[in-house]
Amino acid sequence: MSLVFTKMHGLGNDFVVIDGRTTPVTLTEAEIRALCDRHLGIGCDQLVLLTPPTDPEADVFVRFYNPDGSEAGACGNASRCVSSLLGNEPVLQTQNGLLPTWQENGLITVSMGVPKLDWQEIPLAQACDTRHLPLYDAAACSMGNPHATLFRSIEDAATLGDALEHDALFPERANIGFAEIRSRTHIRLRVWERGAGLTLACGSGACAAVVNAVRRDLVERTCVVTMEKGDLTITWNEDGAVLMTGPATTVFTGTLV
Ligand SMILES: N[C@H](CCC[C@H](N)C(=O)O)C(=O)O
């Protein structure tokens, strides 16, 4: 298949963006896995497919796929990249609703919507031995995708992330954030992403970390979240919406033959 794509990243969380708005593009899970493969394909943390919007308020319907082929309901860094790619401050339609975006001083802001709070709002196993969870002092919320935030060393992401992603408590798995509270306005974060593993940055994970930390009164409602390659500014508005501001970078365009 001859497929034009744009390679982009948000703080090193990288994406293959395929525009299927004019010419429909359908990809099987196997094709998604192949495109995401860093040795046999193009390589990325998520594949992003642009399709025509079904909501008149939206400019594009954006779908996000992990390298294992699973679909994600939200992807903050990719949402900033799509806003940058389309320009004109598009409204993104996603599985998690409409996401307005703004562009100022070279940075992109996305309203990531209202988080669903706490354990009851992420897919949990009905009967599961959760006695082990207090060991991790975890907090949970959904940004349209499930996040568990642990307030412990970011170094633990590499050693605990995989097991926790696949913990029996999470029948749909989960993104696992490891957050160090550096001050009431600064979090250092590393995320083990569902279906992708350890990534350099995670936008929805940064939103979840701030929401989970605010609920524990560990931080203020506006926080800088520092990840491997830079910072996002996250604000959990009093009206409930979470705003995420940060960079978006286009690396190259290519054609897959
Ligand atoms: N990298 C993305 C998160 C991908 C989430 C995906 N791994 C899932 O299955 O929910 C971000 O910047 O928000």
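Keep in mind that this is a model prediction, so the values were computed, not measured. (Residues numbered from 1 in each chain as written. Predicted model: local features only at pLDDT ≥ 70, side-chain atom pairs only at ≥ 80, totals over all residues. Heavy atoms only, no water.)

On inspection of all chains with the given rule, the structure shows 15 salt bridges. A salt bridge links D14 to K7; the nearest nitrogen and oxygen atoms lie 2.7 Å apart. Several salt bridges converge on common partners, so that one network encompasses K7, D14, R38 and D45. (Salt bridge = Lys/Arg side-chain N within 4 Å of Asp/Glu carboxyl O.)

Listed under "active site" (unreviewed entry) in the UniProt record, and renumbered for this structure, are C75 and C202. Maximum C-alpha separation among the annotated residues is 7.7 Å over a sequence range of 128 residues, consistent with a single clustered spot. Mapped onto the elements, C75 comes out in the loop between strand 5 (71-72) and helix 2 (76-86). Among the residues examined, C75 registers a relative accessible area of 6% and is labelled buried. Discounting residues that sit within four places of it in the chain, C75 has contacts with F15, Q46 and F64. (UniProt positions renumbered as here; feature names shortened; annotations may be inferred. Helix = DSSP H or I, 4+ residues; strand = E, 2+ residues; numbered from the N terminus. Buried < 20%, exposed > 50% of the residue type's maximum accessible area, 1.4 Å probe, protein only. Contact = heavy atoms within 4.5 Å.)

This part is about the packing of aromatic side chains. Scanning the entire structure with this criterion turns up 1 aromatic pair. Pairing F5 with F252 gives two aromatic rings, centres 5.9 Å apart and planes at 80°, and the pair type is edge-to-face. Here F252 lies in strand 18 (residues 249-256) and F5 lies in strand 1 (residues 3-10), a separation of 247 residues in the sequence. Since its relative accessible area comes to 7%, F5 is described here as buried. Against the face of W236 rests R221, its NZ or CZ located 4.5 Å from the ring centre. (Phe/Tyr/Trp six-rings, centres within 6.5 Å; stacked < 30°, edge-to-face > 60°. Lys NZ or Arg CZ within 6 Å of the ring centre and 35° of its normal.)

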